[in-house]
Amino acid sequence: MNSLVDCKREFATWTVSNPSATKKQTKDANTKVGVAKRKRKESIAKWEVVTKKRKLCSGGFSVKIDQLYLKYGANHEHYRDGQFDGGSCRSLMGNTKLLFLDLVAYVEERHDASCPASFQQIRAKLKLYERAQALLDVVWSSVRGIDGLLPTEEFKTQLATLMGT
């Protein structure tokens, strides 16, 4: 019996099938549920410590990504639950090439020979992401015109040309 759910389920089944259970038996069953709750709480606390350490690790990937975001004018806004606001997104889109150049340099510096993916495979995947972000930037800038949020016919034609359709 490993999980809290299993303990609760067993306790509920046991109490229904044993209406005349003694106080000691009921207390023993409640103790099992309490132990499972404590173990669950402990494991959650351990997980939080591990994730906090990973995020605080000075050479960690998450930290490096956040540093790159800040370098190019993007910040996880607390008032948006850690998401980027419009200004941050525009800043990232405008610096796509530089951002990915820095990211490739970081991955190359940190790549380990024991990694199942070669550096060339990782670089190729990053190039695909860079291309996707650049295309997304084109789409956004074409759809949102000077006249407002809705695209004009001129923007639709331009977008069709850029996308090759």
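Refer to the structure presented above.
Residues numbered from 1 in each chain as written. Predicted model: local features only at pLDDT ≥ 70, side-chain atom pairs only at ≥ 80, totals over all residues. Heavy atoms only, no water.

A. Highlighting the nonpolar core. Within the largest apolar cluster, 15 residues are counted, with the highest numbers of intra-cluster contacts made by Tyr69, Leu92, Leu99, Leu103 and Leu126. For this core, the elements supplying multiple residues, two or more each, are α3 (61-71), α5 (96-110) and α6 (119-143). Per element, the largest residue contribution to this core is six residues, and it comes from α5. (Core = buried A, V, L, I, M, F, W, Y, C linked by side-chain atoms within 4.5 Å. Buried < 20%, exposed > 50% of the residue type's maximum accessible area, 1.4 Å probe, protein only. Helix = DSSP H or I, 4+ residues; strand = E, 2+ residues; numbered from the N terminus.)

B. Main features of the environment of Glu130. On the secondary structure map, Glu130 appears in helix α6. Apart from residues no more than four positions distant in its own chain, Glu130 is found in contact with Thr96, Lys97 and Phe100. (Contact = heavy atoms within 4.5 Å.)

C. Broad picture of the pattern of salt bridges. All told, the structure shown has three salt bridges when counted by the stated rule. A salt bridge links Lys97 to Glu130; the nearest nitrogen and oxygen atoms lie 3.3 Å apart. Of this pair, Lys97 sits in helix α5 while Glu130 sits in helix α6; the two residues are 33 residues apart in sequence, bridging distant segments of the chain. Classification of Lys97 by relative accessible area gives exposed; the value is 60%. Given the relative accessible area of 10%, Glu130 is considered buried. The network of salt bridges with common partners includes Lys97, Lys127 and Glu130. (Salt bridge = Lys/Arg side-chain N within 4 Å of Asp/Glu carboxyl O.)

D. Spotlight on the environment of Asp137. If you trace the backbone, Asp137 turns up in helix α6. Asp137 sits in the partly exposed class, given a relative accessible area of 27%.

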